[in-house]
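Analysis of the macromolecular model
Each chain, letter by letter, is given below.
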Amino acid sequence: MEQRKFRMPTAYTILFCLILLVALSTWLIPAGSYDYADGIPISGSYHAVAPAPQGIGAALKAAFRGFYDAVDVCVFILMVGGFLGVVMKTGAIDAGVSNVISRLQGRENLLITILMLFFGLGGTTYGMWEETMAFFPLLLPIFLAAGYDAVVGVAVILLGAGAGVIASTVNPFATGIAAGFAGVSLGEGLLWRLIQFVIFEGAAIWYVSAYAARIKRDPSRSVVGIGAGRLHADVQPLTRRHAAILLIFAATFLTMIYGVIPFDEMGLPLPVLGWWFPELSALFLVAGIVVGLMDRLSEVELAETFVSGCTDLLGVAFIIGISRGITVLMNDGHITDTILHWGETALSGLGSTSFVLLVFLIYLPLSVLIPSSSGLATLSVPVVAPLGQFAGVDGDVVVTAFQSACGLVNLVTPTAAVVMGALALGRIPYEKWLKFVWKLMLLFLLLTGLLLVLAAALS
């Protein structure tokens, strides 16, 4: 009889189990509360309050109440999904990548740098990850035909985008959501994340380029062996319409970046828009309509494409709502501040450096259990960020620790569908991928720790 292999439950199952666990905890954990000033708990002000245990009815309603509490975040994510769906429908991104490839045949070493920068920019601005799956069938034959192995083709996409996701400068699905629940602006900590992006993306490009050059000189040094392949013959024409759509695509994200940066707090004499989720949702809605009209989509086709794009990210919205429901349940049961108090007591002897490193290390295993960065941010940041106040660590540093851990784990965790799907397309055994990438992962781990220590010391 064949033994059934263990499968990690989905994020939904994990979160629903956590809801039940939290409901049970409200019967066991003493109720308490802090006094607050400007939304920040005052250290030493914790006191007991009347208990409010949550029953099965409250647990069943928690996810729905979570949606109500995080509706602005959920709607924003759906608007981004609709916008991306319309842009992908036009074929502009595929045409742009295809033409870059055709122009650089014979100079694949330069192609590695250009493509990794492209994927890195996508990863750091809007969390480009699941969308990368469309590029593996296009790029793998290119690198195989150029004399590289499948690892190079997979690494260009996974590590290019992954390094960007680790240093998510303005990624709305990780940094944006975490910043919102930490009570800080997306622009706070942006300088540190920009520095992280430059260092990490540069390190990833160097790592992949060095490996590619090494196996080009000596194919026996490939971790999987050199495979045969052929050049991708189909080159999609980059029309003026495609070029214009790509400009709108870039301008939309640049506008988002400008809209959320608090220039006045940075001492810069630039107009401050002060945008957040409602304004950003409207931006992506309008941009999606503009792109659809530029591509001459009919009203019906534009609406269906936008809704289809929203559907692609509906699961993310579900996870955020369910995760937020856990926070709502904890607040209703008056145990959130009790847990904060326990954390304050446990971390009272830790300085800012020790605290931020501990937070980063804790988020590494949590990211394996809950692969959704949006869900993990919604679930944990409302609890962790206030603890940072007790340790003298700003909320933006906590956000950076969170998103760095999530991005780092995403590159190797077997619970990440993108990683396992990419390795399957490249026919790369999981252990071979670990053998290739472990040194870079260790470098990223050490660099992240160093950057967090510097950020905490200067916060």
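Starting afresh in each chain, residues are numbered from 1 along the sequence in its written order. Residue-level local features of this predicted model are given only where pLDDT is at least 70; pairs of side-chain atoms are given and counted only at 80 or more, and the full residue set underlies all totals for whole chains, interfaces and linings. Neither water nor hydrogens contribute to the side-chain values; these are computed over all heavy atoms in the structure.

Description of the overall build of the chain
Filter applied, for reference: By the criteria applied, helices consist of DSSP H or I runs no shorter than four residues and strands consist of E runs no shorter than two, each listed in order from the N terminus. Three exposure classes are used, based on accessible area relative to the maximum for each residue type with a 1.4 Å probe and protein chains only: buried under 20%, partly exposed in between, and exposed over 50%. Only the protein chains shown count as cover for residues, and the accessible areas themselves come from Shrake-Rupley with a 1.4 Å probe.
Scanning the chain for helices and strands turns up 19 helices and four strands. Here the chain holds 459 residues, and 53% of them are scored as buried. Entry remark: accessible area of the chain is about 20,300 Å², with carbon and sulfur atoms responsible for 66%.

Considerations on the environment of A62
Using the following cut-off: In this description, contact between two residues means that some pair of their heavy atoms is separated by no more than 4.5 Å.
With respect to the helices and strands, A62 occurs in helix α2 (residues 56–69). Taking the C-alpha atoms as reference points, A62 and S323, separated by 261 residues in sequence, lie 9.2 Å from one another. When neighbours within four sequence positions are excluded, A62 is seen to be in contact with I19, G325 and L329.

A few points about the pattern of salt bridges
Which entries qualify depends on this criterion: Every case where a carboxyl oxygen of Asp or Glu lies within 4 Å of a side-chain nitrogen of Lys or Arg is listed as a salt bridge.
Throughout the structure, instances matching the rule amount to three salt bridges. Among the ionic pairs, K89 bridges to E301, the shortest N-O distance being 3.5 Å. Residue K89 is located in helix α3 (residues 71–90), and its partner E301 is located in helix α12 (residues 299–312); the two are separated by 212 residues in the primary sequence. On the basis of relative accessible area, K89 is assigned to the partly exposed category, the value being 44%. By relative accessible area, which is 31% here, E301 ends up partly exposed. Where R241 meets D295, a salt bridge forms, and the shortest distance between an N and an O atom there is 4.0 Å. Taken together, the residues R241 in helix α10 (residues 240–260) and D295 in the loop between α11 (277–294) and α12 connect sequence positions 54 residues apart.

Regarding the packing of helix α7 (residues 150–166) against helix α9 (residues 190–217)
Heads up, the condition is: Lines are fitted to the C-alpha atoms to define the axes, a helix being fitted only along its stretch in contact, and any angle between axes, read from their N-to-C directions, falls within 0 to 180 degrees. Oblique is the label for any angle not under 35 degrees, not over 145, and not in the 65 to 115 range, which are roughly parallel, roughly antiparallel and roughly perpendicular in turn. Just so you know the grouping, Ala, Val, Leu, Ile, Met, Phe, Trp, Tyr, Cys and Pro go in nonpolar, Asp, Glu, Lys and Arg go in charged, and all remaining residues, Gly too, go in polar.
At a closest axis distance of 8 Å, the pairing of α7 and α9 adopts a crossing angle of 170°. The angle between α7 and α9 falls in the class roughly antiparallel. Seen from α7, the contacting residues are V151, V152, A155, V156, L159, G160, A163, G164 and I166; seen from α9, they are Q196, F197, F200, E201, A204, V208, Y211, A212 and I215. Each residue belonging to the contact of α7 with α9 can be placed in one class, and the counts come to 14 nonpolar, three polar and one charged.

Let's talk about the nonpolar core
Threshold: Nonpolar cores were defined as sets of buried Ala, Val, Leu, Ile, Met, Phe, Trp, Tyr and Cys residues, with membership established by side-chain atoms within 4.5 Å.
Core analysis: the biggest nonpolar cluster contains 140 residues, and V152, L159, W433, F436 and F444 have the highest contact counts within it. Here this core takes twelve residues from α7, the largest share from any one element. Apart from the residues within four sequence positions on either side, F444 is in contact with A163, I166, F200, A203, A204, L408 and L411.

Description of the packing of aromatic side chains
Definition in use: Aromatic pairing here means that ring centres of Phe, Tyr or Trp (its six-membered ring) are within 6.5 Å. Orientation follows from the plane angle: under 30 degrees is stacked, over 60 is edge-to-face, and everything else is tilted.
The final tally for this structure, using the stated rule, is 14 aromatic pairs. Both rings, one in F200 and one in F444, keep their centres 4.6 Å apart while their planes meet at 5°; by these two values the pair is stacked. Of this pair, F200 sits in helix α9 while F444 sits in helix α19 (residues 430–458); the two residues are 244 residues apart in sequence, bridging distant segments of the chain. No difference in accessibility class separates F200 from F444, as the two residues are buried. A network of ring pairs unites the aromatic residues F76, F83, F249, F277 and F284 as a single cluster.

Some points on unusual backbone geometry
Negative phi values dominate among residues other than glycine, just as trans dominates among peptide bonds. Of note, the phi angle at R296 is positive, near 60°, even though the residue is not glycine. Mapped onto the secondary structure, R296 falls in the loop between α11 and α12. Under the relative-accessibility criterion, R296 is labelled exposed at 67%. Despite not being glycine, R427 has its phi angle at roughly 55°, a positive value.

Some details on the packing of α3 against α11
Quick reminder of the rule: Helix crossings get a hand from a simple test, with the near helix turned counterclockwise from the far one by less than a right angle marking a left-handed crossing and a clockwise turn marking a right-handed one.
Look at α3 against α11: their axes get within 8 Å of each other, and the N-to-C directions meet at 20°. The orientation of α3 with respect to α11, classified from their angle, is roughly parallel. The element α3 and its partner α11 pack so that their crossing is left-handed. The segment α3 lies against α11, with D72, V73, V75, F76, M79, V80, F83, V86, V87 and T90 engaging F277, L280, S281, F284, L285, A287, G288, V291 and G292. Within the contact of α3 with α11, the residues separate by chemical class into 14 nonpolar, four polar and one charged.

Here's the deal with a nonpolar patch on the surface
Operational definition: To count toward a patch, a residue needs a relative accessible area above 30% and no salt bridge. Like charges then connect within 9 Å, nonpolar side chains (Val, Leu, Ile, Met, Phe, Trp, Tyr) within 5 Å.
A grouping of Y12, F16, L314 and F318 is seen on the molecular surface, where their side chains present a nonpolar patch of about 350 Å² in accessible area. Those elements that provide at least two residues to the nonpolar patch are α1 (11–28) and α13 (314–332). Within the secondary structure, Y12 is located in helix α1.

A few points about the environment of G274
Here G274 shows up in the loop between α10 and α11. Here the alpha-carbon distance between G274 and Y258, two residues 16 residues apart in the chain, equals 9.2 Å.

Some thoughts on the side chain of D295
Here D295 falls in the buried class, since its relative accessible area comes to 15%. Residue contacts for D295: discarding those within four places in its chain leaves T90, R241 and I245.

Brief notes about α11
The following threshold applies: One less than the number of residues in a helix, times 1.5 Å, gives the span that helix is expected to have.
Here α11 spans 25 Å end to end across 18 residues, near enough to the 26 Å set by a 1.5 Å rise per residue. Buried residues along α11 sit in contact with α3, α8 (172–182), α10 and α12. One or two steps after α11, the chain reaches R296, where phi turns positive at roughly 60°.

Quick notes on the confidence of the model for the chain
So the rule is basically this: On a scale of 0 to 100, pLDDT captures the predictor's confidence in every residue.
On average, residues of the chain score 83 in pLDDT, and 87% of them reach the 70 mark or higher. Confidence over residues 228–233 falls short of pLDDT 50; this stretch has 13 contacts with residues more than four positions distant or in other chains.

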